[in-house]
Each structure stands twice: as structure tokens, then as C-alpha cells.
Amino acid sequence: IKKATNIIYASDWAKKDAIDHYNADSSKISVIPFGANLKDEYRPRQYNNDKKHVNLLLVGVEWKRKGIDIAIETVKILNQYSSDIHYHLTVVGVNSDKHFKDVSIVGRLDKSNSKDLKKLINLYQNSDIFILPTKAECAGIVFCEASMFGLPSVTYNTGGISSYIKNEKNGFLLDKGLEAKDFAKKISEIVT
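Residues numbered from 1 in each chain as written. Predicted model: local features only at pLDDT ≥ 70, side-chain atom pairs only at ≥ 80, totals over all residues. Heavy atoms only, no water.

K.L.:
Before we move on, could you go through the packing of aromatic side chains and cite the residues and values that matter?
P.N.:
For the structure shown, the criterion picks out 5 aromatic pairs. Consider the rings of W63 and F100, whose centres lie 6.1 Å apart with planes at 35°: the pair is tilted. Pair noted here: W63 is in the loop between strand 3 (53–59) and helix 2 (68–81) and F100 is in the loop between strand 4 (86–92) and strand 5 (103–107), with a separation of 37 residues, a long-range link. Among the residues examined, F100 registers a relative accessible area of 24% and is labelled partly exposed. Note on F130 and F143: the rings are 5.9 Å apart at their centroids and 80° apart in plane angle, and the pair reads as edge-to-face. With a gap of 13 residues between them, F130 in strand 6 (residues 129–132) and F143 in helix 4 (residues 141–148) connect regions that are remote in the sequence. Taken together, the ring pairs in this structure connect Y124, F130, F143 and F149 into an aromatic cluster. (Phe/Tyr/Trp six-rings, centres within 6.5 Å; stacked < 30°, edge-to-face > 60°. Helix = DSSP H or I, 4+ residues; strand = E, 2+ residues; numbered from the N terminus. Buried < 20%, exposed > 50% of the residue type's maximum accessible area, 1.4 Å probe, protein only.)

Here is the structure:
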């Protein structure tokens, strides 16, 4: 870091970490967030006020760190308190022997496999909201992918996420420590 002429990080959080922990010279550092790692197959969708089914999508490979339990609990709460809208969560990236009501666990999808890539793109195209209650995140290419498909993201404001999610622009940053009921409230507000 000291010998570098220029230093590039993917988030403001990573830049701050380099300055705080490695005494990096801030004048040498540029922040260039990653972009989506998918080909652009965005299709505009028309929404109307009588939407009866809302698809949530979560893409993440670590059950605990990515907050998959919080996302599952969020869907449970949404469906408990909503009589006219049905919510469904699709989780990509993990496997589970457990079955959850209103949740589909897809498992890992390999972007270099054309069938898996097509399936992933189809999930983004047919989802309404991206949820990722991650407890720690340096950057987050999945947020770029969600934005590329026009999905608002609902996540915690932690790590480098704020370099990817601009609160109330392409998603919503919730304070770390909030619970599934808070995610449910925000998602219900978005749908309303």
C-alpha cells in the first residue's frame, strides 16, 4: 500500500479500512464499485395496484452471515399480516434439507453453466424485491445484479453496502440489529 501509486477499492468501507488499519494515503485511493456480473437481460415490467403476489429474491451462499433466517421469518410475518397479498421467497446459493412455507431453496447456480445462468436471470426477471439481511459485506455484486433488473434491495447498512445501495434510490438500508418485523414493514411499504 505504501509503495502503490494508485489504490482502487470496491467500496467506501474498504477505503476507510485501508486508511484506518494500514495507514493508506487517502489521496492515492479511488473507489470504483463493481458492476453486475450478468449480461443485461432487463425487461421493463408493468405494475398495477391490484398486485396479489410478490416475489422476493435472496442470492447468497452463507446461511447465517447472509441472514437467510431473517429473510424466511420476514416472509412468514408478511404472509401472517397480509390477507390480500401473498409473498414468496426464493433463496439462491444455499442448500437445505428443511422445508419452509412460502420459500423455495434453489441451491447454487453456476453462472458459467448456460442452464444455471438462464435460471438465475429468470429469477431476477420474475422477482419484485431483492432482500439480503447480510450481517457483513465488503461490497455486494448481487446488489448490482438486483439493480440491473430493476429490483429494489432491502438490506442492512453494514460494511460496503452503502457504496451499492443508495437509500431510497435503488433500495433501502436498515440499521444493523433491526429484526425480521422491520424488514417486513419496509417491504410492505414498498409494495403499498
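K.L.:
Kindly report on the sheet that holds strand 5, identifying the contributing residues and their values.
P.N.:
Pairing is parallel across the open sheet formed by 6 strands, whose spatial order is 5-4-3-6-7-8. Either end of the sheet is taken by a strand with one partner, and the two such strands are strand 5 and strand 8 (171–174). Between one strand and the next, the sheet's axes are offset by a mean angle of 20°, whatever the strand orientation. Here strand 6 pairs with strand 7 (residues 153–156) via 3 bridges, running parallel. Paired with I131 across the strands is V154, a residue of strand 7. Along the sheet, helix 4 contacts strand 3, strand 6 and strand 7; its crossing angle with strand 6, the most-contacted strand, is approximately 170°. Here helix 5 (residues 180–191) sits on the sheet in contact with strand 3, strand 4, strand 6, strand 7 and strand 8, set at roughly 155° to strand 7. (Pairing = 2+ DSSP bridges. Axes fitted to C-alpha atoms, helices over the stretch in contact; angles between N-to-C directions. Contact = heavy atoms within 4.5 Å.)

K.L.:
Summarise the environment of D12; cite the residues concerned and give the values.
P.N.:
You can see D12 is positioned in helix 1 (residues 12–22). Placed 170 residues apart in sequence, D12 and D182 show a C-alpha to C-alpha distance of 26 Å. When residues no more than four places from it in sequence are discounted, the contact partners of D12 are V31 and S163.

K.L.:
Would you mind going over the packing of helix 2 against helix 5 in detail, with residue names and values included?
P.N.:
The interhelical angle for the contact between helix 2 and helix 5, taken along N-to-C directions, is 60°, at an axis separation of 8 Å. Between helix 2 and helix 5, the interaxial angle falls into the category oblique. The chirality of how helix 2 crosses helix 5 is right-handed. Residue-level contacts link I70, E73, T74, I77 and L78 of helix 2 to A180, K181, F183, A184, I187 and S188 of helix 5. Here the contact of helix 2 with helix 5 is composed, by residue class, of 7 nonpolar, 2 polar and 2 charged. (Parallel < 35°, antiparallel > 145°, perpendicular 65-115°, else oblique. Left-handed = near helix turned anticlockwise from the far one by under 90°. Nonpolar A, V, L, I, M, F, W, Y, C, P; charged D, E, K, R; others polar.)

K.L.:
Run through the nonpolar core, naming residues and quoting values.
P.N.:
Core analysis: the largest hydrophobic core is formed by 50 residues, its most contacted members being L56, L89, Y124 and F130. Ranked by residue count, the leading element in this core is helix 2, at 7 residues. Residues contacting L56, with those up to four places away along its chain left out, are V75, L78, H88, L89, T90, I129, I131 and I187. (Core = buried A, V, L, I, M, F, W, Y, C linked by side-chain atoms within 4.5 Å.)

K.L.:
Lay out the state of the cysteines in plain terms, naming residues and giving numbers.
P.N.:
In total, this model carries 0 disulfides according to the counting rule given. C144 carries a free sulfur, and the closest cysteine sulfur to it, the one in C138, is 12 Å from it. (Disulfide = S-S within 2.5 Å.)

K.L.:
Report on the pattern of salt bridges, specifying residues and quantitative values.
P.N.:
Applying the stated criterion to the full structure yields 6 salt bridges. Measuring nitrogen to oxygen at the nearest pair gives 3.6 Å for the salt bridge that ties E137 to R65. Pair noted here: E137 is in the loop between strand 6 and helix 4 and R65 is in the loop between strand 3 and helix 2, with a separation of 72 residues, a long-range link. On the basis of relative accessibility, which here comes to 12%, the residue E137 falls in the buried class. A residue is classified by how much of its surface remains accessible, and R65, at 28% relative accessible area, is partly exposed. Where E137 meets K66, a salt bridge forms, and the shortest distance between an N and an O atom there is 2.8 Å. Separated by 71 residues along the polypeptide, E137 in the loop between strand 6 and helix 4 and K66 in the loop between strand 3 and helix 2 bring together distant segments of the chain. Each member of the pair, E137 together with K66, is buried. Each of the salt bridges in this network shares a partner with another, and the network as a whole consists of E62, R65, K66 and E137. (Salt bridge = Lys/Arg side-chain N within 4 Å of Asp/Glu carboxyl O.)

This is a description of form; function is not addressed.
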